[in-house]
Structures are given as C-alpha cells and as structure tokens.
Amino acid sequence: MGFSAAEHPSPLSLIAIFAFIIVYLVISYLVLDQIDQHGDSNDEISAIDSCGSGLSVEQVQEISCYYLKGQANSTCAICLDSLCEAELCRSFPACNHVFHAQCLDPWLAKRPICPTCRTPFRT
C-alpha cells in the first residue's frame, strides 16, 4: 500500500499541502501581530503603573480644589457617584476631567494618570 520509488504524490495534493501551510502561517502572523499591537497600546500605561510612582502629597495638593456650583450632569469615574452641588472637587490638569477630591487624591498617589482617559499627569 505504500509508495514505491517510481510513484510520487499527485501535484494537486502537494499544492494542497503547501496552501494549508501558507494559510496556517498567515493566520499565525495575524494573531501574533494583533497580540503585539494590543501590548504596544498599553506600554505607556503599564510602565507608569508598574513603577508604582504616584504623585507626592505636595504634588496632589498643588492641583486646585473647588466646590462644585450648580447641578453637574457628570459622574466621578472613580467612585461612580454623581457630582453634586457644594462637593469638593478637583479637575485633572491635563484633560480637565472632574472628580471628587477625596476620590482623586488616593488615585493620584498610586498612579499619575487620569482615571477616565488615561492621560498622564504632566508637572
């Protein structure tokens, strides 16, 4: 039942094998490329998070605090509670997103990025 030295596999079966190998390689490349792109987009954030270098107490205190006036139609992205009138708030300097001061201060002590848009804190 085996092939003798004079018999060769048909050209069609060789083409099918090569086509299968090429399709496999293309799919593997696309999967690895997708994984690499996902890793690159988080490099800056993971570098900031991994070093654990948040802002100092002095740096956090330099960010201006204010009492919210009027009804704000927004939510603090850290505690997910509504921002209400007369609450002490801070706005992130790089992007102006607003948070409760008591929520943003501990956040910035751990990681110097905006909780909403991940913009890095710039001094």
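Residues numbered from 1 in each chain as written. Predicted model: local features only at pLDDT ≥ 70, side-chain atom pairs only at ≥ 80, totals over all residues. Heavy atoms only, no water.

Within an unreviewed UniProt entry, the label attached to the chain reads Ring-h2 finger protein atl34, and the organism entered is Nicotiana attenuata. Regarding the chain, the UniProt comment filed under Sequence similarities (unreviewed entry) reads as follows: "Belongs to the RING-type zinc finger family. ATL subfamily." Quoted verbatim from the Subcellular location (unreviewed entry) heading of the UniProt record, the comment on the chain is "Membrane". (UniProt positions renumbered as here; feature names shortened; annotations may be inferred.)

Draft legend 1. Layout of the side chain of Asp105. Looking at the element boundaries, Asp105 is found in helix H4 (residues 101-110). Discounting chain neighbours no more than four positions away, the residues touching Asp105 are Val60 and Arg90. (Helix = DSSP H or I, 4+ residues; strand = E, 2+ residues; numbered from the N terminus. Contact = heavy atoms within 4.5 Å.)

Draft legend 2. Up close: the UniProt feature "transmembrane region" (unreviewed entry) in the chain. The feature "transmembrane region" (unreviewed entry), as annotated in UniProt, sits at residues 12-32 in this numbering. For residues 12-32, the end-to-end C-alpha separation is 30 Å, with 100% helix and 0% strand making up the annotated structure.

Draft legend 3. Summary view of the sheet that holds strand S3 (residues 98-100). One open sheet holds the 3 strands; their spatial order is S1-S2-S3, and the pairing between them is antiparallel. Of all the strands in the sheet, the pair left with one neighbour each is strand S1 (65-67) and S3. With direction set aside, neighbouring strand axes in the sheet form an average angle of 40°. (Pairing = 2+ DSSP bridges. Axes fitted to C-alpha atoms, helices over the stretch in contact; angles between N-to-C directions.)

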